[in-house]
Amino acid sequence: MTVESVRPQSPATPGTSVLREPPLAQGALPVLGHGLRLVRDPLAFMSALRDHGDVVRLRLGPKTVYAVTTPELTGALALNPDFTIDGPLWESLEGLLGKEGVATANGPRHRRQRRTIQPAFRLDALPGYGPVMEEEAHALTERWRPGETIDCTSESFRVAVRIAARCLLRGDFMDERAERLSVDLATVFRGMYRRMVIPLGPLYRLPFPANREFNRALADLHLLVDEIVAERRASGQRPDDLLTALLEAKDDNGDPIGEQEIHDQVVAILTPGSETVASTVMWLLQVLAEHPEHAEKVRTEVESVTGGRPVGFEHVRSLTHTNNVVVEAMRLRPAVWILTRRAVTDTALGGYRIPAGADIVYSPYAIQRDHRSYDRHLDFDPDRWLPGRAGNVPKYAMSPFSVGNRKCPSDHFSMAQLTLITAAVSAKYRFEPADGSDDSTRVGITLRPHNLLLRARPW
Ligand code: HEM
């Protein structure tokens, strides 16, 4: 299952041309530069940048940051080894979540870590996760009572955390832990985003309630991971799963990897695996409520594929419209809406000079909503992913899992569970907004609705 289109385009960096300085994006204020506009409305700000150039300079206070605005150049950036994972986003993630996990490592350590985790995400490993994905998707619908208000934030977190933890760490992942993990992650990600966009340094160490809550959640997240590792060790079991692979991994000298690396690796897999999937499930529920015609079409498809039986993992490949609904929801509301890289050497992008040490930023949200890449770019239109039309989408204009050596290892795993969840909930219920629901976009490290409350009505 893929969400990338494949129209080849010309090379991004002409080797012979004279390199130019990228233009400064318009609207910089004295001292603050573009910072205020970025903080006030980051999605609108990032979406407008392509009008200023393919690569533009931004002033964030005293710092210059480069923004890449075309699909072609975001692909070139992600595939070019001159750019690594670094910069403010990653530094703040590292400081809080650990320095030794796969999501923040570079170079040989990163390659070695990817080799360790990759087998757990291979296509041929997925059917082994089928029973857990099915059980969790159906359990979600069984928890809901007809007409009752569903708190979509906690329900989406619960299913995402439980699937990731039960499939990859094979733990008996009870609700209490899923709940703890969701609450911790929500608090930690909220605090991290605040620390990234408003870097007030020492003020975050003062004993304000928000700082205390943040520290408590972060400590509990690490404690939870220690509990998971300790429990596995105490059990003496070595099931064929990602946790066993991590516990038995060797470094480049053939020695066992250290305790800190094992810990950071579990954090680096659980955290992106929960927040991203949970946010996407929230948007999928929102889409089903906002577009009853698509909810109906998904239900009809599920019924015709399953013949009225409970939907299972084996049906996922045949659920083409459901899959297209998932892809289209991810196009308009990508969980990962901003990504950064750092240039490790003087280099070039699209004929523009990028100096060593420069931070580069781009927004999958802006790229995936660009009218230059998509007809009726803001319409929710799952049929744009039908084979006859998907080829019109420029290469890299739809890469919610990124490309290159940092591509999300979990693209197939995520698509399978998202399709299965969408199918399972749509087969049983249609959705309508409940009182107090607020589906406006909340911008944080991921994008999700502020407070989505829905009523589930049986068909
Ligand atoms: C990396 C998106 C689900 C684990 C990434 C990246 C993106 C992404 C865009 C690349 C970041 C970059 O280029 O800098 C998503 C989306 C998901 C999802 C949209 C679901 C809707 C998951 C799940 C897991 C996971 C379920 C694990 C259970 C990771 C890890 C990395 C990563 C470990 C770091 C890879 C590396 O740096 O080599 N994800 N992800 N993701 N994702 Fe996902």
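Preceding this paragraph is the structure being described.
Just so it is clear, the model here is predicted, and its values are computed rather than measured.

## Regarding the overall build of the protein
Phase 1: In terms of regular secondary structure, the protein is built from 16 helices and 12 strands.
Phase 2: The C-alpha radius of gyration of the protein comes to 22 Å, within 12% of the 23 Å expected for a compact globule of 459 residues.
Phase 3: For the protein, buried positions account for 55% of its 459 residues.
Phase 4: Across the protein, contacts joining residues at least 24 apart in sequence account for 73% of those joining residues at least 6 apart.
Phase 5: Just so you have it, the protein exposes about 19,800 Å², and 54% of that area is on carbon and sulfur atoms.
Phase 6: Averaging the locations of the 56 positively and 58 negatively charged side chains of the protein gives two centres separated by 3 Å.

## Structural notes on the site of the ligand
Phase 1: In the region of the ligand, 28 residues are neighbours, and His110, Arg114, Arg341, Arg406 and Cys408 sit closest.
Phase 2: One nitrogen or oxygen atom from the side chain of serine 402 is found 3.0 Å from an oxygen atom belonging to the ligand.
Phase 3: Elements with a minimum of two residues in the shell around the ligand: helix 5 (107-121), helix 11 (259-290), strand 5 (339-343) and helix 16 (411-428).
Phase 4: Of the residues forming the shell around the ligand, the biggest block, 7 residues, is contributed by helix 11.
Phase 5: Across the shell around the ligand, the residue classes tally to 17 nonpolar, 8 polar and 3 charged.

## Let's talk about the sheet that holds strand 4 (residues 149-151)
Phase 1: Read from one edge of the open sheet, 3 strands run 4-12-9, paired in antiparallel fashion. Each end of this open sheet is capped by a strand with a single partner; those strands are strand 4 and strand 9 (429-433). The mean angle between the axes of side-by-side strands here comes to 40°, regardless of whether they run parallel or antiparallel.
Phase 2: Note that strand 4 and strand 12 (residues 453-458) share 3 bridges and pair antiparallel. For isoleucine 150, the partnering residue across the bridge sits in strand 12 and is leucine 454.

## Quick notes on the side chain of serine 426
Phase 1: Mapped onto the secondary structure, serine 426 falls in helix 16.
Phase 2: A polar atom in the side chain of serine 426 sits 2.6 Å from the backbone oxygen of threonine 422.
Phase 3: Once residues within four sequence positions are removed from consideration, serine 426 is found in contact with Leu288, Ala295, Val298, Arg299 and Trp459.

## Section: the pattern of salt bridges
Phase 1: One pass over the full model with this rule turns up 36 salt bridges.
Phase 2: Among the salt bridges present, the one from arginine 299 reaches glutamate 296, with a minimum N-O distance of 3.3 Å. In this pair, arginine 299 and glutamate 296 both sit in helix 12 (residues 292-306), 3 residues apart, roughly one turn of the helix.
Phase 3: Overall, the relative accessible area of 32% leaves glutamate 296 in the partly exposed class.
Phase 4: When salt bridges with common partners are traced through the structure, they connect Glu100, Arg109, Arg112, Asp252 and Glu261 into a single cluster.

## Regarding the coordination of the iron atom of the ligand
Phase 1: Counting protein donors around the iron atom of the ligand gives one, Cys408 (SG), at 2.3 Å.
Phase 2: Structurally, the position occupied by cysteine 408 is in the loop between helix 15 (387-390) and helix 16.

## Examining the pairing of strand 1 (residues 55-60)
Phase 1: Both strand 1 and strand 2 (residues 63-68) contribute to a ladder of 6 bridges, which runs antiparallel. Following the sheet pairing, valine 56 is matched in strand 2 by alanine 67.
Phase 2: As consecutive antiparallel partners, strand 1 and strand 2 are separated by 2 residues, and within that stretch glycine 61 has a phi angle of approximately 60°, a positive value.

## Quick word on a nonpolar patch on the surface
Phase 1: A cluster of nonpolar side chains, contributed by Val39, Val197, Ile198, Leu200, Leu203, Leu206 and Phe208, occupies part of the molecular surface with about 540 Å² of accessible area.
Phase 2: For phenylalanine 208, the position within the fold is in the loop between helix 8 (175-197) and helix 9 (209-235).

## Quick notes on unusual backbone geometry
Phase 1: Residues other than glycine seldom take positive phi values, yet tyrosine 396 does so here, at roughly 70°.
Phase 2: Assignment of secondary structure puts tyrosine 396 in the loop between helix 15 and helix 16.
Phase 3: Notably, serine 402 is not glycine yet its phi reads approximately 65°, a positive angle.
Phase 4: Looking at where serine 402 falls in the secondary structure, it is placed in the loop between helix 15 and helix 16.
Phase 5: For serine 402, a relative accessible area of 7% corresponds to the buried category.

## Re helix 9
Phase 1: Over its 27 residues, helix 9 extends 38 Å from the first C-alpha to the last, a length consistent with the 39 Å expected when each residue adds 1.5 Å.
Phase 2: Along helix 9, the residues that are buried comprise Asn211, Phe214, Ala217, Leu218, Asp220, Leu221, Leu224, Val225, Ile228, Val229 and Arg232.
Phase 3: Positive phi shows up at glycine 236, right after helix 9, with a value of about 70°.

## Some details on the sheet that holds strand 5
Phase 1: In spatial order, the strands read 1-2-8-5-3; together these 5 strands make up an open sheet with mixed pairing. In this open sheet, the two strands that pair with only one neighbour each are strand 1 and strand 3 (83-84).
Phase 2: Note: strand 5 against strand 8 (residues 359-362), 4 bridges, orientation antiparallel. Bridge pairing in strand 8 places threonine 340 opposite valine 361.

## What to know about the packing of helix 13 (residues 320-332) against helix 16
Phase 1: The contact between helix 13 and helix 16 brings their axes to 9 Å, and the two run at 110°. Taken together, helix 13 and helix 16 sit at an angle that is classed as roughly perpendicular. Helix-helix and strand crossings are classified by hand; for helix 13 and helix 16 the assignment is right-handed. From helix 13, Thr322, Asn323, Val326, Val327 and Met330 reach across to helix 16, where they touch Met415, Leu418, Thr419, Thr422 and Ala423.

Here is what the cut-offs are and how they apply
Residues numbered from 1 in each chain as written. Predicted model: local features only at pLDDT ≥ 70, side-chain atom pairs only at ≥ 80, totals over all residues. Heavy atoms only, no water. Helix = DSSP H or I, 4+ residues; strand = E, 2+ residues; numbered from the N terminus. Rg over C-alpha atoms; globule rule 2.2 N^0.38 Å. Buried < 20%, exposed > 50% of the residue type's maximum accessible area, 1.4 Å probe, protein only. Contact = heavy atoms within 4.5 Å. Areas by Shrake-Rupley, 256 points an atom, 1.4 Å probe, with all protein chains shown as cover. Lys, Arg positive; Asp, Glu negative; His and termini not counted. Charge placed at Lys NZ, Arg CZ, Asp CG, Glu CD. Near = heavy atom within 4 Å. Polar contact = N/O pair within 3.5 Å; in protein donor to acceptor, adjacent residues only side chain to side chain. Nonpolar A, V, L, I, M, F, W, Y, C, P; charged D, E, K, R; others polar. Pairing = 2+ DSSP bridges. Axes fitted to C-alpha atoms, helices over the stretch in contact; angles between N-to-C directions. Salt bridge = Lys/Arg side-chain N within 4 Å of Asp/Glu carboxyl O. Donors = N, O, S within 2.8 Å, 3.2 Å for Na, K, Ca; no water. Patch = residues over 30% accessible without salt bridge, like charges linked within 9 Å, V, L, I, M, F, W, Y side chains within 5 Å. Expected span 1.5 Å × (residues − 1). Parallel < 35°, antiparallel > 145°, perpendicular 65-115°, else oblique. Left-handed = near helix turned anticlockwise from the far one by under 90°.

Read these as geometric descriptors, not functional statements.
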